[in-house]
Each structure stands twice: as structure tokens, then as C-alpha cells.
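# Overview (structure and organization)
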Amino acid sequence: MKSFQFVKRCEEMLSKMAPYMSSTVGKGRVAFGDMWEESFDETLQYLFSDQARMENAIEGYIRFALEATRLQKRFEKERRYIPKSYQEASETVYHNEEYMLNLYLPGILLSHYLWPHHYRQLSYFHDNFVPRVLASADKSFCDVGVGSGFYSRQLLSASPTSIGIAFDISTYAQSYATQQVSAFGLLNRWQCKLQNVLTQNPEQTWPVVMSVEVLEHLEDPVSFLHQLRRMLRKGGVGFITAALTAPNEDHIYLYNCAEDVLLQLRMVGLEIISYRTERAYQPLNDEPVPQIAAFIVQ
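Residues numbered from 1 in each chain as written. Predicted model: local features only at pLDDT ≥ 70, side-chain atom pairs only at ≥ 80, totals over all residues. Heavy atoms only, no water.

Take the overall build of the chain next. A count of helices and strands for the chain gives 10 helices and seven strands. The globule rule puts the C-alpha radius of gyration for 298 residues at 19 Å, and the 18 Å found for the chain is close to it. With respect to the three principal axes, the spread of C-alpha positions in the chain is 50 × 45 × 35 Å. Looking at the chain as a whole, 53% of its 298 residues qualify as buried. (Helix = DSSP H or I, 4+ residues; strand = E, 2+ residues; numbered from the N terminus. Rg over C-alpha atoms; globule rule 2.2 N^0.38 Å. Buried < 20%, exposed > 50% of the residue type's maximum accessible area, 1.4 Å probe, protein only.)

The end-to-end C-alpha distance of helix H6 (residues 116-134) is 26 Å, a good match for the 27 Å that 19 residues give at a rise of 1.5 Å each. At His 126, H6 is bent by approximately 35 degrees, the largest bend along its length. For H6, the set of buried residues is His 117, His 118, Tyr 119, Gln 121, Leu 122, Tyr 124, Phe 125, Phe 129, Val 130 and Val 133. (Expected span 1.5 Å × (residues − 1). Bend = angle between axes of the 7 residues up to and from the residue.)

Between helix H2 (residues 24-48) and helix H5 (residues 97-114), whose axes approach to 8 Å, the crossing angle comes to 140 degrees. Residues Thr 24, Val 25, Trp 36, Ser 39, Phe 40, Thr 43, Leu 44, Leu 47 and Phe 48 of H2 form the contact with H5, whose participating residues are Leu 109, Leu 110, Tyr 113 and Leu 114. Grouping the amino acids of the contact of H2 with H5 by side-chain chemistry returns 10 nonpolar, three polar and no charged. (Axes fitted to C-alpha atoms, helices over the stretch in contact; angles between N-to-C directions. Contact = heavy atoms within 4.5 Å. Nonpolar A, V, L, I, M, F, W, Y, C, P; charged D, E, K, R; others polar.)

Within strand S2 (residues 164-168), five of the five residues are buried, leaving the element largely enclosed by the surrounding structure. Residues Gly 164, Ala 166 and Asp 168 line one face of S2 and the alternating positions Ile 165 and Phe 167 line the opposite face, and both faces are buried. Bridge count between strand S1 (residues 141-144) and S2: four bridges; the pairing is parallel. Residue pairing in the sheet places Cys 142 in a bridge with Ile 165 of S2. For the segment spanning S1, helix H7 (residues 150-158) and S2, crossover handedness is right-handed. Here five bridges tie S2 to strand S3 (residues 190-194), and the two strands are oriented parallel to one another. Residue pairing for S3: Phe 167 is matched across the bridge by Lys 193. Handedness of the β-α-β unit built from S2, helix H8 (residues 171-183) and S3 comes out right-handed. (Pairing = 2+ DSSP bridges. Right-handed = clockwise from strand over helix to strand, strands pointing away.)

Our focus in this paragraph is the side chain of His 251. Within the secondary structure layout, His 251 lies in the loop between strand S5 (232-244) and helix H10 (258-267). Using a relative accessible area of 6% as the deciding quantity, one classes His 251 as buried. In contact with His 251, not counting residues within four places along its chain, are Tyr 81, Glu 216, His 217, Ala 243 and Ala 246.

Further remarks concern H2. Look at H2: only 18 Å from first C-alpha to last across 25 residues, short of the 36 Å you get at 1.5 Å a residue. The largest bend along H2 measures about 125 degrees and falls at Gly 33. Listed as buried for H2 are Thr 24, Val 25, Gly 28, Trp 36, Glu 37, Phe 40, Asp 41, Thr 43, Leu 44, Leu 47 and Phe 48. As for H2, its buried residues are in contact with helix H1 (5-17), helix H3 (51-78), H5, H6, H7 and H8.

Counted according to the given criterion, the structure contains nine salt bridges. When the shortest N-O distance is used, the salt bridge between Glu 249 and Lys 84 registers 3.4 Å. Here Lys 84 lies in the loop between H3 and helix H4 (86-94) and Glu 249 lies in the loop between S5 and H10, a separation of 165 residues in the sequence. Accessibility expressed as a relative area gives 17% for Glu 249, which makes it buried. One salt-bridge network, held together by shared partners, links Glu 11, Arg 29 and Glu 37. (Salt bridge = Lys/Arg side-chain N within 4 Å of Asp/Glu carboxyl O.)

So, on to the packing of aromatic side chains. Given two aromatic rings, their pairing is described by the distance between the two centres and the angle made by the two planes. A complete count under the given rule lists 22 aromatic pairs for this structure. Summarising the aromatic geometry, the rings of Phe 129 and Phe 239 are spaced 5.3 Å apart at their centres and angled 40 degrees between planes, so their arrangement reads as tilted. Taken together, the positions of Phe 129 in helix H6 and Phe 239 in strand S5 put the pair 110 residues apart, joining distant regions of the chain. Both rings, one in Phe 150 and one in Tyr 151, keep their centres 5.7 Å apart while their planes meet at 75 degrees; by these two values the pair is edge-to-face. With respect to burial, Phe 150 and Tyr 151 carry one shared label: buried. Taken together, Phe 32, Trp 36, Phe 40, Tyr 113, Tyr 119, Tyr 124, Phe 125, Phe 129, Phe 150, Tyr 151 and Phe 239 form an aromatic cluster joined through their ring pairs. (Phe/Tyr/Trp six-rings, centres within 6.5 Å; stacked < 30°, edge-to-face > 60°.)

Another point: the sheet that holds strand S6 (residues 272-279). Neighbouring strands of a sheet are bound in pairs by backbone hydrogen bonds; such pairs are parallel or else antiparallel. What the seven strands build is an open sheet, ordered S3-S2-S1-S4-S5-S7-S6; its pairing is mixed. Edge strands, defined here as strands with exactly one partner in the open sheet, are S3 and S6. Strand after strand, the sheet turns through a mean of 15 degrees between neighbouring axes, direction not considered. As defined by bridge partners, S5 adjoins strand S7 (residues 291-297) across seven bridges and the pair is classed as antiparallel. When the sheet's bridge partners are listed, Gly 238 is paired in S7 with Val 297. Along the sheet, H7 makes contact with S1, S2, S3, strand S4 (206-211) and S5, crossing S1 at roughly 165 degrees.

This is the structure in C-alpha cells:
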């Protein structure tokens with residue numbers, strides 16, 4: 001029986017640093033079993049085997065989770081995101097070194113395992129999107145809004161002949177994502193460019209396009225979707241996700257349900273192959289709860 005020592009170390013640290021989160025890892029273990037624990041343990045081993053790095057990542061996750069909870073409570077009362085422009089969000093989050101490296105990026109990275117709805121989306125990605133990539137003759141891909149680099153790394157690991165390129169507007173996301181891909185020995189098949197695809201139009205098209213939780217960060221997500229549609233080669237496949245009723249410091253556009261996203265996807269000419277919506281938890285009465293929706297398109 002595998003010991004999953006890095007998950008156990010994470011569990012011990014999380015319980016010590018935030019006792020009110022002491023059951024988080026255990027709940028994941030019970031809900032998802034060995035497959036979840038093995039994947040989580042591998043991520044921790046490759047990225048946070050050093051004690052100090054793991055402590056910093058867990059502290060970032062705790063801050064990230066508490067901030068999300070605070071904003072969700074406000075959202076329950078107001079039913080709207082705190083008004084801000086894309087420029088304001090960029091300055092507050094994407095170009096803020098301390099926030100990105102010590103809260104935002106490690107928080108999002110660990111949430112893929114510690115938030116059940118994020119892990120279920122990851123499972124949907126592997127079960128339904130990756131097989132389509134593996135069946136494609138050309139497996140080159142583009143990841144727009146790479147964030148921590150988590151999904152680029154997932155696809156590179158699952159598809160040994162894939163070659164990827166990623167775009168982001170944050171130097172800190174670029175650095176963090178590159179470190180993750182490099183830690184897994186995949187950097188020879190991937191590169192990340194500091195580029196806004198809306199203002200610096202990539203001329204190339206790709207058979208595989210991914211964009212994970214970017215739409216809600218934009219004032220005009222439809223223009224962004226038009227660009228993704230243009231970047232997706234005819235006959236290709238895309239994986240696009242969005243956060244629904246889930247406030248964050250950089251969330252601008254409010255999607256109340258998956259149908260809001262579906263309407264925009266169809267508006268720009270994308271065909272929906274399948275989609276999945278996941279809730280963070282079951283609502284009480286009519287309270288809004290954080291959700292994520294993932295769409296496989298062509």
C-alpha cells in the first residue's frame with residue numbers, strides 16, 4: 001500500500017496552520033480514493049517537496065480560500081460582483097507579485113485537489129477531453145490564460161506527443177507555470193508567451209485550444225470567445241471553462257448559470273460537444289453557491 005507521504009505532510013500542515021480546515025484532505029480521500037491521492041501526492045512531490053515551499057503554498061491556499069469565503073458571503077447578500085474594470089483587476093491581481101506568488105497561484109493550484117468541484121472538473125477533463133486529443137493526428141495545443149500552468153501540465157503528461165504553447169498577461173503566471181511544467185520534465189514540448197491575445201493577435205491556429213476560467217475575468221468575454229474561435233482550427237476541439245456565481249478579487253463578468261455561457265459560445269459559432277457543471281456544495285434554499293462549468297467545443 002502506498003504511503004502518499006506528501007499528502008500526509010500537507011494534511012498535517014493544513015491542520016496545524018488552519019485547524020478549521022483539518023478535515024479537508026480527509027474528505028477528499030474519502031470522496032475520491034486512491035486515484036485522487038496519488039495524483040495529489042505526485043503534484044506535491046514535484047512542486048513542493050521542500051518543507052518551506054509546501055508551507056508557503058498551504059498558507060497561500062488558506063488565504064485564497066478565506067478570501068473566497070468572505071466574498072461569497074457578500075455575494076449572497078448583494079447578488080453581484082464588486083464592480084471593477086479589467087485594468088483595476090490587472091493591477092490588483094495579475095501584476096501584483098506578492099498576491100500572485102503567495103496567494104493566488106498556489107491557492108488555485110491546490111484548489112484543484114482540495115475543492116471537490118475543481119477535482120471533478122479535472123476528472124471530466126481527463127475522461128472526456130483528453131481522449132479526443134489523443135485521437136487527433138495533430139496534438140499541438142494552445143492554452144490561453146495559463147494561470148498556474150496546471151492544465152497545460154495535465155495535457156502534456158497525458159499526451160506524450162503533444163506540443164503546447166501558452167499565453168498569459170502576467171509575468172508571475174508565466175514564471176509560475178513555467179516552473180511547474182519544468183518540474184515535471186515537460187519544458188522541451190511547451191513554451192509560455194507573455195501576450196494578450198486580444199490586442200496581440202496570434203496568426204497561428206491550433207487543433208486543440210484550452211482556456212480555463214478566464215471568461216469571468218473579462219469585461220467583454222464574447223470578444224475573447226470570438227478570438228478563441230478564430231484560433232481553433234477547423235475540425236479541432238476546445239476545452240473552455242467558466243466560474244459561475246463565484247466572486248473573486250478579479251472576477252468581473254457574472255455568469256449566473258451554465259446557460260449564460262452556452263449562449264455566448266453559440267453566439268460566436270462554437271458547437272457544444274458536451275458540458276458539465278459542478279457545485280462547490282449543495283445550496284440551502286435559494287442561496288447562490290460557487291459553480292464551475294466546463295465545455296468541450298468544436
